[in-house]
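Understanding the architecture of this molecule
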Amino acid sequence: MASIKLAKKPFKWLRSLYRRWFFINQYVFAEQEAENGIGVKNVRIIHPAQRIHIADPDQDKFVSISKYYRDGWFDRPNIFVCEIPNAYIHVKTGLVCTQDFKAIADFGLEHRMGNYALFNGPKPILVRRFSGVYSTITYTDSIAKNFWHWMVDCLPKIHAMTKVASNTKIILLMPQSANEFQRETLRCILPENFEVSYIDGNEWIQTENLLWTSLVSNLCIGLLPKDYYEAVRNPVFKQFDLPTLHTKTERIYISRRGAKHRRVNNEDEVMKLLEKFGFRMILLEELSFRQQVELFHRADIVVGPHGAGLGTIFFSGNIDVLVLYSTPNPPNYFHSLAKGLGQRHYFVCHNKQNEDDSFTANIPELERVLKEELRLKSQPEYRRV
């Protein structure tokens, strides 16, 4: 038995060495790598680290029951742009590695490296090399295709880059599998010095130089510096001939009946109540991106279960947002985004353990919030008290 144990040790050591040399299994933070290694250079801090006030727990009931930031404060890391020479990029997922194949992680969100299926996979053998300056804003394939994350995590990176490279031609790498709303928003907001290159398949490429931008947002946070909202909103409004002022005529309920999870089991009852206050149901998947923007631009109140579609409040004015959460301690996505946009966030929580679980809405509590907190009258013309 002793000889067998001795025989296993060299095999285990060789396997570890093999994985070290041929697999991607190490991440670094860009700022630290710029100080200690050769993989990152020219870090330019746009917004220094800052403690950001979200809301006062004594005045905002959601803060004390939320999943994160229960003291009402958010510690935002440095927002910066850096250069990664000879970077490797997996275009579909946005995974970026230095020239010695260290993956780049966002500070405080290193746990998201697990969302990259390739992080613990083999290094590519065949790689095309591109000359010029490139960038990517994709943040794992699944996150980037989520509307909230695309609007809050991904698109603001473009505005950050314009602050340090407004005269540099930058080619933005996007997967050919990009959604219609991703393509449409890029057509609307890309500055003149940017162009998009859509790459087929699951391809790795190596670029002569890559501009890499840290997240302007962070964990479940939609609270951005004010100019980042306008850098996305205003070009979209201009493209669709919409005024910057909002004429609020629509009361909207966002349905998730076509989703695979987090559906409202008693949605018919919910709508029976909401119709008394002038709401109508919409299915976002049936609308084009332009139709969604136009609808939310004239929104007065938006109600809906926790879901990516609520990110469309990005294009609304100073509205009321009422979110139906499946759990008693919901994440901070919509509360923080509403705060950043100058909107008012209301909520009804439920008792599920998993935030993706479908749930039965508490109709009496929903009615109480509508009448007592939003101060609505149940009449067709839905005028405020």
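Residues numbered from 1 in each chain as written. Predicted model: local features only at pLDDT ≥ 70, side-chain atom pairs only at ≥ 80, totals over all residues. Heavy atoms only, no water.

**Here we look at the overall build of the protein chain**
Rules: Runs of E in the DSSP output that reach at least two residues are strands. Runs of H or I that reach at least four are helices, and both are numbered from the N terminus. In this description the radius of gyration comes from C-alpha coordinates, and the expected globular size is given by 2.2 Å times residues to the power 0.38. Three exposure classes are used, based on accessible area relative to the maximum for each residue type with a 1.4 Å probe and protein chains only: buried under 20%, partly exposed in between, and exposed over 50%. Contacts: residue pairs with any heavy atoms within 4.5 Å of one another. All accessible-area figures derive from a Shrake-Rupley calculation using a 1.4 Å probe, and residue coverage is judged against the displayed protein chains alone. Neither His nor the chain ends is counted toward charge; the positive residues are Lys and Arg and the negative residues Asp and Glu. Working definition for charges: the position is that of NZ of Lys, CZ of Arg, CG of Asp or CD of Glu.
What the protein chain contains, in helices and strands, is 12 helices and 17 strands. Here the C-alpha radius of gyration of the protein chain, 23 Å, is about what a compact globule of 385 residues would show, namely 21 Å. For the protein chain, the spread of C-alpha atoms along the principal axes amounts to about 80 × 65 × 40 Å. Residues classed as buried in the protein chain amount to 53% of the 385 residues present. Partitioning the intrachain contacts of the protein chain with sequence separation of at least 6 by distance along the chain shows that 74% fall at a separation of at least 24. Per element, the accessible surface of the protein chain, about 18,000 Å² overall, is 49% carbon and sulfur. The average position of the 50 basic charges and that of the 42 acidic charges among the side chains of the protein chain differ by 5 Å.

**Describing helix 8 (residues 226-239)**
As a reminder of what qualifies: Working rule for helices: expected span equals 1.5 Å times residues minus one.
For helix 8, spanning 14 residues, the distance from its first C-alpha to its last is 21 Å, which sits close to the expected 20 Å at 1.5 Å a residue. Residues of helix 8 that are buried: Tyr228, Tyr229, Val232, Arg233, Val236 and Phe237. Positive phi appears at Asp241, one or two residues downstream of helix 8, with a value of about 55 degrees.

**Structural notes on the sheet that holds strand 16 (residues 320-324)**
Applied cut-off: If DSSP finds at least two bridges between two strands, the strands pair. Here an axis means a line fitted to C-alpha atoms, over the contact stretch when the element is a helix, while the angle between two N-to-C directions is reported on a 0 to 180 degree scale.
Judged by pairing direction, the sheet is parallel, and its five strands sit side by side in the order 14-13-15-16-17 without closing on themselves. Single-partner strands in this sheet number two, and they are strand 14 (280-282) and strand 17 (344-348). The mean inter-strand angle of the sheet, taken between neighbouring strand axes irrespective of direction, is 25 degrees. Sheet analysis places strand 13 (residues 250-254) next to strand 15 (residues 299-305), joined by four bridges and oriented parallel. Across the sheet, the residue bridging to Arg251 is Ile301, located in strand 15. The sheet strands contacting helix 9 (residues 267-274) are strand 13, strand 14 and strand 15, and the helix crosses strand 13 at an angle near 170 degrees. Contacting strand 13, strand 14 and strand 15, helix 10 (residues 289-297) runs over the sheet at an angle of about 115 degrees to strand 15.

**A short note on the pattern of salt bridges**
Cut-off, in case you're wondering: For this analysis, a salt bridge means a side-chain nitrogen from Lys or Arg found within 4 Å of a carboxyl oxygen belonging to Asp or Glu.
Per the counting criterion, the structure on display carries 26 salt bridges. The shortest N-O distance in the salt bridge between Arg280 and Glu250 comes to 3.0 Å. Of this pair, Arg280 sits in strand 14 while Glu250 sits in strand 13, placing them 30 residues apart in sequence. Under the relative-accessibility criterion, Glu250 is labelled buried at 13%. The partner of Asp356 in a salt bridge is Arg262, with the nearest N and O atoms 2.6 Å apart. Within this pair, whereas Asp356 is found in the loop between strand 17 and helix 12 (363-373), its partner Arg262 is found in the loop between strand 13 and helix 9, the two being separated by 94 residues in sequence. Among the residues examined, Arg262 registers a relative accessible area of 7% and is labelled buried.

**Quick look at empty space enclosed by the protein**
The condition is simple: Cavities and pockets are found on a 1 Å grid laid over the protein atoms alone: a cavity is a set of points where a 1.4 Å probe fits but cannot escape, a pocket is an open set with protein on both sides within 12 Å along at least five of seven lines, and a lining residue has an atom within 4 Å of such a point. Grid points are joined across faces, edges and corners, and a volume is the space filled by probe spheres set on the points. In this classification, the charged set is Asp, Glu, Lys and Arg, the nonpolar set is Ala, Val, Leu, Ile, Met, Phe, Trp, Tyr, Cys and Pro, and all remaining amino acids, among them Gly, are polar.
Per the stated rule, a full pass over the model turns up three cavities of 30 Å³ or more. In this model, the largest cavity occupies a volume close to 110 Å³. Forming the boundary of the largest cavity are 13 residues, of which Gly94, Tyr116, Tyr139, Lys157 and Trp212 lie nearest the centre. Of all the secondary-structure elements, those providing two or more residues to the lining of the largest cavity are strand 7 (95-97), strand 8 (103-105) and strand 12 (204-213). In terms of residue class, the lining of the largest cavity is built from seven nonpolar, four polar and two charged.

**Observations regarding helix 9**
To keep it simple, the criterion reads: Directions from the helix axis toward the C-beta atoms define the arc.
Taken together, the buried positions of helix 9 are Glu267, Val270, Met271, Leu273 and Leu274. The arc that holds every buried residue of helix 9, seen down its axis, measures 160 degrees, which confines them to one face. In helix 9, the exposed residues that point more than 90 degrees away from the buried face are Asp268 and Lys272. Residues of helix 9 that are buried make contact with strand 13, strand 14, strand 15 and helix 12.

**Some details on the packing of helix 9 against helix 12**
Our working rule: Roughly parallel here means an angle under 35 degrees, roughly antiparallel means over 145, roughly perpendicular means 65 to 115, and every remaining angle is called oblique. Should the near helix be turned anticlockwise from the far one by less than a right angle, the crossing is termed left-handed; should it be turned clockwise, right-handed.
Put simply, helix 9 and helix 12 touch, their axes get as near as 11 Å, and they point 25 degrees apart. Taken together, the axes of helix 9 and helix 12 lie roughly parallel to each other. By crossing handedness, the relation of helix 9 to helix 12 is classed as right-handed. Contacts from Glu269, Val270, Leu273 and Leu274 of helix 9 reach helix 12 at Ile363, Leu366, Glu367 and Leu370. For the contact of helix 9 with helix 12, the residue count by class is six nonpolar, no polar and two charged.

**A short note on the layout of surface pockets**
Taken as a whole, the largest pocket encloses approximately 1,200 Å³ of empty space. In this structure, the largest pocket is lined by 41 residues; those nearest its centre are Asn146, Phe147, Arg256, Gly307 and Ala308. When residues of the lining of the largest pocket are traced back to their parent elements, those giving at least two are helix 4 (141-144), helix 5 (147-154), helix 7 (180-189) and helix 11 (333-340). Considering each element in turn, the lining of the largest pocket owes the most residues, three residues, to helix 5. Partitioning the lining of the largest pocket into residue classes produces 17 nonpolar, 14 polar and 10 charged. Roughly 230 Å³ of volume is contained in the second largest pocket. As for the second largest pocket, its lining consists of Asp56, Gln59, Asp60, Lys61, Phe62, Lys339, Gln343, Arg344, His345, Tyr346, Phe347 and Glu373. Going through the elements one at a time, helix 3 (61-65) and strand 17 are the ones with two or more residues in the lining of the second largest pocket. Of all the elements, strand 17 adds the most residues to the lining of the second largest pocket, at four residues.

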